[in-house]
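# Structure assessment
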Amino acid sequence: MESSYILKDSLIPLVNYLSEDDFDLDILTPGSHTLMHIDLSQKNLEIVMNSISDYDLQLLGSLDDIYRPRKLRSAIADMLMLSGFLPPRGIDELLSVLLGKSSESRELAICLDTNILFNRILSQYVLPRLLRTEKSLNILIPRQVEAEVGSNLSRDVKRTRNLSKILQALRESEMKLFFKVYGAGAPSLEARKAAMAIHELGVLERYRGLIKIYRSSELVTPGLRPDFLIVNSCKRIAEENSFELLILTMDEDTRTCARMLRCNVVKLIPQTNFPYLIENLPLINISELLYVAAMSLGFIRLRVGAAALELIGSWSGKSFEEWKQGKLLLRYPKISILSKHIRRVLKADSIFTALRMVS
Amino acid sequence: MWALISPLGLKPIVSLNVFWILTEELGIDVKKVVFIATPKSTSSLSWLPQIFNKVRAVKVESYNVEENFNDMVNTARVVLDKLLSEGFKVIVDVTSGRKIMCIALFNEAIDKADAITYLMLAEHAYDGVFYPYIPKGLTKLVVLRGNLSEGGSCT
């Protein structure tokens with residue numbers, strides 16, 4: 001097997017090129033059961049959802065209990081939401097507020113709760129609509145939210161609570177995280193979602209012409225409720241900048257707190273029911289799904305014809321910059337049917353990286 | 001032996017996309033690229049040739065023109081005649097650059113170039129996006145005139 005690092009965005013050329021040959025993709029569990037089947041010619045996604053028994057999981061020395069029957073359904077629903085297929089309830093209300101004509105004379109700013117970053121709500125459901133309208137957006141990110149992202153990584157990945165170190169690393173992008181890739185000590189699902197949240201911050205920063213990010217500067221105060229800190233610090237930034245404030249959350253406590261402090265709030269609720277067959281998928285959503293699956297499950301195997309590719313989302317020694325860029329490790333067999341496509345994907349990836357540097 | 005003439009617009013990735021399709025997707029052996037730039041679009045010339053050379057080793061030349069039709073027609077004629085005299089088969093792409101520049105170039109190329117191409121894009125959201133990152137089916141290189149016989153057809 002050969003291996004190369006690629007950026008998350010380079011899954012688009014991968015899917016593009018594989019679809020040229022009308023390949024089917026199977027996302028496999030560690031025991032080679034099919035979890036999802038993607039028909040690239042018809043652009044259909046079928047969720048097969050084979051769970052793995054406790055006995056098999058022990059044999060495989062794997063991973064976490066995401067594959068267990070009870071958890072798999074909610075993990076799949078989560079993945080579909082994270083990759084843009086399953087919008088949470090309340091998203092239409094949010095979009096109508098963001099994209100509709102405002103009667104307020106003040107500019108609108110939305111405060112992001114941690115779970116909004118964890119679930120990639122902005123990049124999956126808001127940014128695509130925003131890009132079409134070319135409306136700009138003010139975003140407030142409380143320090144408490146960044147701290148929660150950091151603490152999820154620190155607790156689960158580094159097994160330390162040294163928050164300041166994690167946050168410093170987050171900004172300076174110097175630290176590498178070491179952990180077991182599989183088995184006990186592997187990053188939990190929450191930690192992997194935190195890693196996706198770091199990438200989400202990176203994506204939002206990339207659209208700085210369209211999205212203006214404000215961060216609160218006050219220190220995290222121990223003893224105070226986090227939801228109170230989040231709402232209160234955003235209220236302060238909004239007042240300083242004369243913004244009309246909207247708190248965006250998926251958490252009931254934060255909503256209650258926002259109402260107590262007389263702030264407008266939209267609460268999004270994840271959907272748990274999903275269709276087992278999704279038809280006519282845009283290719284871009286398929287590449288998002290592959291990224292989310294690789295991150296949520298730690299690694300995935302993709303059956304492509306008779307061959308299998310591995311897409312690894314978390315590996316020991318992955319630096320914060322790599323988490324932020326959404327870097328993935330691609331492992332592939334050196335066989336002719338795939339090598340032409342992989343060669344073009346890797347070339348496109350190197351040029352894409354160079355273009356990002358010059359821009 | 002092919003040469004590509006590409007007017008340079010404010011989104012130079014469009015020129016890169018045409019070059020990528022010709023060389024990587026259609027397998028056309030482009031040996032030389034000539035950019036025609038206006039004063040507003042010259043800034044990308046500081047980095048664009050390097051990126052082109054990452055796709056494939058190629059000789060890059062550039063010509064600066066003023067924003068008037070006569071200058072553009074004259075430059076298009078000089079560039080085309082020079083490439084033809086050097087023995088190149090010439091592809092003229094009229095996707096990027098000012099409209100007036102594309103018209104001047106098209107006008108000169110219509111009887112001289114081996115192919116005139118235009119890169120269609122179905123969704124504006126992907127304007128300025130590098131070709132392999134545009135979902136398949138949303139963009140297509142159209143041959144307006146002539147053919148690209150060496151490396152296959154453009155469908």
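Source: prediction; values computed, not measured.

Counting its secondary structure elements, chain A contains 14 helices and 15 strands. Relative to its full complement of 359 residues, chain A shows a buried share of 56%. Within chain A, contacts between residues separated by at least 24 positions form 71% of all contacts whose residues are at least 6 apart in sequence. Carbon and sulfur atoms provide 48% of the accessible area of chain A, an area that totals close to 15600 Å².

With that out of the way, let us pick up the overall build of chain B. Across its full length, chain B holds four helices and six strands. Its helices and strands taken in sequence order, chain B reads β-α-β-α-β-α-β-α-β-β from the N to the C terminus. For chain B, the spread of C-alpha atoms along the three principal axes comes to 40 × 30 × 25 Å. Going through the 155 residues of chain B one by one, you find that 51% of them count as buried. A separation of at least 24 residues holds for 75% of the contacts in chain B among residues at least 6 apart in sequence. Within the structure as shown, chain B displays about 6800 Å² of accessible surface, and the carbon and sulfur contribution to it stands at 51%. The averaged location of the 16 negative side-chain charges in chain B is 1 Å from the averaged location of its 16 positive side-chain charges.

Attention shifts here to the sheet that holds strand β3 (residues 59-64) of chain B. Residues and elements named next belong to chain B. Strand order in this open sheet of six strands is β3-β2-β1-β4-β5-β6, and the pairing throughout is mixed. Pairing within the sheet leaves two strands with one partner each, and these edge strands are β3 and β6 (139-146). Taking the axes of each pair of neighbouring strands and ignoring which way they run, one obtains an average angle of 25° across the sheet. Pairing of strand β5 (residues 115-121) with β6 involves seven bridges; the strand directions are antiparallel. Counted as the bridge partner of Tyr118 is Val142 from β6. Helix α3 (residues 69-85) contacts β1 (2-8), β2 (30-37), β3 and β4 (89-93) of the sheet and is inclined by roughly 170° relative to β2.

Let us look at the pairing of strand β13 (residues 307-312) of chain A. Residues and elements named next belong to chain A. Most of β13 sits out of view: five of its six residues are buried. For strand β12 (residues 299-304) and β13, the ladder comprises six bridges, and the chain directions are antiparallel. Paired with Leu302 across the two strands is Leu309, which belongs to β13. The loop that links β12 with its antiparallel partner β13 comprises two residues; one of these, Gly305, has a positive phi angle of about 60°.

Counting from both sides, the interface comprises 21 residues of chain A and, opposite them, 16 residues of chain B. Both faces considered, chain A and chain B share a buried interface measuring about 1700 Å² in area, 67% of it formed by carbon and sulfur atoms. Summed over the three residues of chain A that lose the most area to chain B, namely Lys347(A), Ile351(A) and Leu355(A), the buried surface amounts to 30% of that side. Applying the counting criterion to the chain A and chain B interface returns three salt bridges.

We now examine helix α1 (residues 13-25) of chain B. Helical periodicity: at 3.6 residues per turn, an α-helix aligns residues three or four positions apart in one direction. Residue and element names in this part refer to chain B. The buried count for α1 comes to twelve of 13 residues, which makes it a mostly enclosed element. Of the residues making up α1, those classed as buried are Ile13, Val14, Ser15, Leu16, Asn17, Val18, Phe19, Trp20, Ile21, Leu22, Thr23 and Glu24. Directly after α1, the chain includes Gly27, whose backbone phi takes a positive value near 70°.

Another aspect to go through is helix α10 (residues 226-240) of chain A. All names here are of chain A. In this model, α10 (15 residues) spans 21 Å end to end at C-alpha, consistent with the 21 Å of a helix rising 1.5 Å per residue. Those residues of α10 that fall on the buried side of the exposure criterion are Asp227, Leu229, Ile230, Val231, Ser233, Cys234, Ile237 and Ala238. Downstream of α10 by a residue or two, Ser242 has a phi angle that is positive, lying close to 55°.

All names here are of chain B. Enumeration according to the criterion identifies 23 salt bridges over all chains in this entry. Taking the shortest distance from any N to any O, the salt bridge between Asp127 and Lys11 comes out at 3.2 Å. One end of the pair, Asp127, is in the loop between β5 and β6; the other, Lys11, is in the loop between β1 and α1, and 116 residues separate them in sequence. Its relative accessible area of 33% is what places Asp127 among the partly exposed residues. Residues Glu61 and Lys82 are paired through a salt bridge, measuring 3.5 Å at the closest nitrogen-oxygen approach.

We now examine the confidence of the model for chain B. All names here are of chain B. Per-residue pLDDT for chain B has a mean of 90; in total, 96% of the residues score no lower than 70. Model confidence for chain B, summarised as mean pLDDT per element, is weakest for helix α4 (residues 99-109) at 92 and strongest for β4 at 96. The low-confidence segment residues 151-155, where pLDDT is below 50, has ten contacts with residues more than four positions distant or belonging to other chains. For this predicted complex, the interface confidence comes out at an ipTM of 0.88, alongside a pTM of 0.83.

In this section: the environment of Ile211(A). Residues and elements named next belong to chain A. One can find Ile211 in strand β8 (residues 211-215). A residue is classified by how much of its surface remains accessible, and Ile211, at 3% relative accessible area, is buried. With 84 residues separating them along the chain, Ile211 and Leu127 place their C-alpha atoms 9.2 Å apart. When residues no more than four places from it in sequence are discounted, the contact partners of Ile211 are Leu127, Leu130, Leu137, Ile139 and Leu204.

Residues and elements named next belong to chain A. For strand β3 (residues 34-39), the tally of buried residues reaches six of six residues, placing the bulk of the element in the interior. The sheet contact formed by strand β2 (residues 24-28) and β3 spans five bridges and is antiparallel. Paired with Ile27 across the strands is Met36, a residue of β3. Here four bridges tie β3 to strand β4 (residues 44-47), and the two strands are oriented antiparallel to one another. What sits directly across from Asp39, in β4, is Asn44. Hairpin connection, β3 to β4: the antiparallel pair is bridged by four residues, and Lys43 has positive phi, about 55°.

Reading the values: rules and limits
- Residue numbering note: each chain is counted from 1, following its sequence as written.
- Just so you know, chain letters begin at A and ligand numbers begin at 1, following the order they were written in.
- Under the rules for a predicted model, residues below a pLDDT of 70 receive no local features and side-chain atom pairs below 80 are neither given nor counted, while totals for whole chains, interfaces and linings still include all residues.
- As a convention, hydrogens and water are excluded, and side-chain values are obtained from all of the structure's heavy atoms.
- Here a strand is any run of E in DSSP of at least two residues, a helix any run of H or I of at least four, and the numbering for each starts at the N terminus.
- Residue exposure (1.4 Å probe, protein chains only): buried if accessible area is under 20% of the type maximum, exposed if over 50%, otherwise partly exposed.
- Note on contacts: a residue pair qualifies if any of its non-hydrogen atoms lie within 4.5 Å across the two residues.
- Methods summary: accessible areas were calculated by the Shrake-Rupley approach with a probe of 1.4 Å, and residue burial reflects only the protein chains presented.
- The charged-residue count follows a simple rule in which Lys and Arg add positive charge and Asp and Glu add negative charge, with His and chain termini not counted at all.
- By convention, the charge on Lys lies at NZ, on Arg at CZ, on Asp at CG and on Glu at CD.
- Any two strands with at least two DSSP-identified bridges between them are counted as paired.
- Convention adopted: a line fitted to C-alpha atoms gives each axis, helices being fitted over their contacting stretch, and angles between N-to-C directions are expressed from 0 to 180 degrees.
- The term buried area means the drop in 1.4 Å probe accessible area that two parts suffer when joined, counted for both and summed.
- Put simply, a salt bridge is a Lys or Arg side-chain nitrogen that is within 4 Å of an Asp or Glu carboxyl oxygen.
- Helix span is expected to be 1.5 Å times the residue number reduced by one.
- Known as pLDDT, the predictor's confidence for each residue is given on a scale from 0 to 100.

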